[in-house]
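Reading the structure
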Amino acid sequence: MTSSPARRQLLPLRTIWLVLPVLLGPALADSLADRSRAVQIVGSLLAWVIWSLTLVAMLAPRSVALTLVRFAVPGSLATAAWAAIGADRPVWAAIGLVAGAMATLMLAAPGVSDAFVDGSSYGPERRVALRTPPLLLIGPVAVSWAVGAAGVVAGPMLLAARQWVAGAVALAVGALAVVLVLRRLHLLSRRWLVFVPAGVVVHDPLTLTEPVLFQRHLLRRVAPAPVDTDALDITSGALGLALEIRGAEPISVGVRRGRDRDELTDVPGLVVTPTRPAATMAIATDHRLPTA
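What comes next is a walk through the structure. The structure displayed is predicted, hence computed values, not measured ones. (Residues numbered from 1 in each chain as written. Predicted model: local features only at pLDDT ≥ 70, side-chain atom pairs only at ≥ 80, totals over all residues. Heavy atoms only, no water.)

A short note on the packing of aromatic side chains
Applying the stated criterion to the full structure yields one aromatic pair. Judged by centre distance (5.5 Å) and plane angle (90°), the rings of Trp 48 and Trp 51 are edge-to-face. Of the two residues, Trp 48 and Trp 51 both sit in helix 4 (residues 37–59), three residues apart, roughly one turn of that helix. According to the relative accessible area criterion, Trp 48 is partly exposed, its value standing at 48%. According to the relative accessible area criterion, Trp 51 is buried, its value standing at 16%. (Phe/Tyr/Trp six-rings, centres within 6.5 Å; stacked < 30°, edge-to-face > 60°. Helix = DSSP H or I, 4+ residues; strand = E, 2+ residues; numbered from the N terminus. Buried < 20%, exposed > 50% of the residue type's maximum accessible area, 1.4 Å probe, protein only.)

Side note on the layout of surface pockets
The calculated volume of the largest pocket comes to roughly 990 Å³. If you trace the largest pocket, you find 35 residues lining it, with Leu 46, Ala 47, Ile 50, Gly 75 and Thr 79 closest to the centre. At 11 residues, helix 4 tops the list of elements feeding residues into the lining of the largest pocket. For the lining of the largest pocket, the class distribution of residues is 27 nonpolar, eight polar and no charged. In this structure, the second largest pocket spans a volume of roughly 730 Å³. Along the wall of the second largest pocket there are 25 residues; nearest its centre are Arg 70, Leu 107, Ala 108, Thr 132 and Leu 137. When residues of the lining of the second largest pocket are traced back to their parent elements, those giving at least two are helix 5 (63–84), helix 6 (90–107), helix 7 (110–118), helix 8 (134–160) and helix 9 (164–189). For the lining of the second largest pocket, a count of residues per class yields 17 nonpolar, six polar and two charged. (1 Å grid on protein atoms, 1.4 Å probe; cavity = no way out; pocket = protein on both sides within 12 Å on 5 of 7 lines; lining within 4 Å. Points joined across faces, edges and corners; volume = space filled by probe spheres on them. Nonpolar A, V, L, I, M, F, W, Y, C, P; charged D, E, K, R; others polar.)

Here we look at empty space enclosed by the protein
Following the criterion strictly, the structure yields one cavity of 30 Å³ or more and no others. Roughly 50 Å³ of internal volume is contained in the largest cavity. The wall of the largest cavity is formed by 10 residues, among which Asp 114, Arg 126, Arg 127, Arg 276 and Ile 283 lie closest to the centre. Residues belonging to the lining of the largest cavity are distributed by class as follows: five nonpolar, no polar and five charged.

Remarks on the pairing of strand 8 (residues 262–272)
Relative to strand 8, strand 6 (residues 232–233) runs parallel, the two being bridged by two bridges. Residue pairing in the sheet places Asp 233 in a bridge with Val 271 of strand 8. Both strand 7 (residues 243–256) and strand 8 contribute to a ladder of 10 bridges, which runs antiparallel. For Gly 254, the partnering residue across the bridge sits in strand 8 and is Leu 264. (Pairing = 2+ DSSP bridges.)

So, in structure tokens, the structure goes:
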């Protein structure tokens, strides 16, 4: 279960999301004012449904909820930017932009990911999220998000505008696109370390074919990674302090080397980049793991 300190990490994000309809709603209403009544209703309904589902996800943090939140929250900024184009009331457009930007920035706070993934913990487990590589964020993730967002909006809005054929096609294609995009994005929400009584588990489906358990009695250290370490680097270029999890003897791991290709290799340890390295070291110390 998620600890109270971790849950407090979500308070700023929950607060701004709770008041988002008040801050962004007027700008969105202005942007739909000159559209047909059906488009206004469908647009408003979509916004309320997405907002409500995301609020529920924030109140019940789990790794699955993290995927939904990561998909929906940046949409508030995109919606605010769209509503600001040609806005009749620039003040409300600016307020909407600030609110969307604040929600997106709060989502990026390191403790937020930890709170969500730790919500999926069982019993005495503690889960710590791993950082997403920036090149992945600005490349494949951004493209996937745009495809998924278009899949959510295009079909219903085209149908509301009485574009029946285009709307039906967009709805079918969009539904498939959203499912595929969410499945891919969920891989990022399932990257974590798990501190368990038996030791520490590295769970990273992006780079490893299976979770890797470093057993307590065979664990040499959990510590900042030396520059010249010979441990396997699975950070994929993520920023921040990297930690080395090193065993007393080589451990066999399955490494992904591209689509549908993997190989088994023996490594002395793994290098990872948790979202909060200092907190991760503190957890390792609390679990009486070697940290030096």
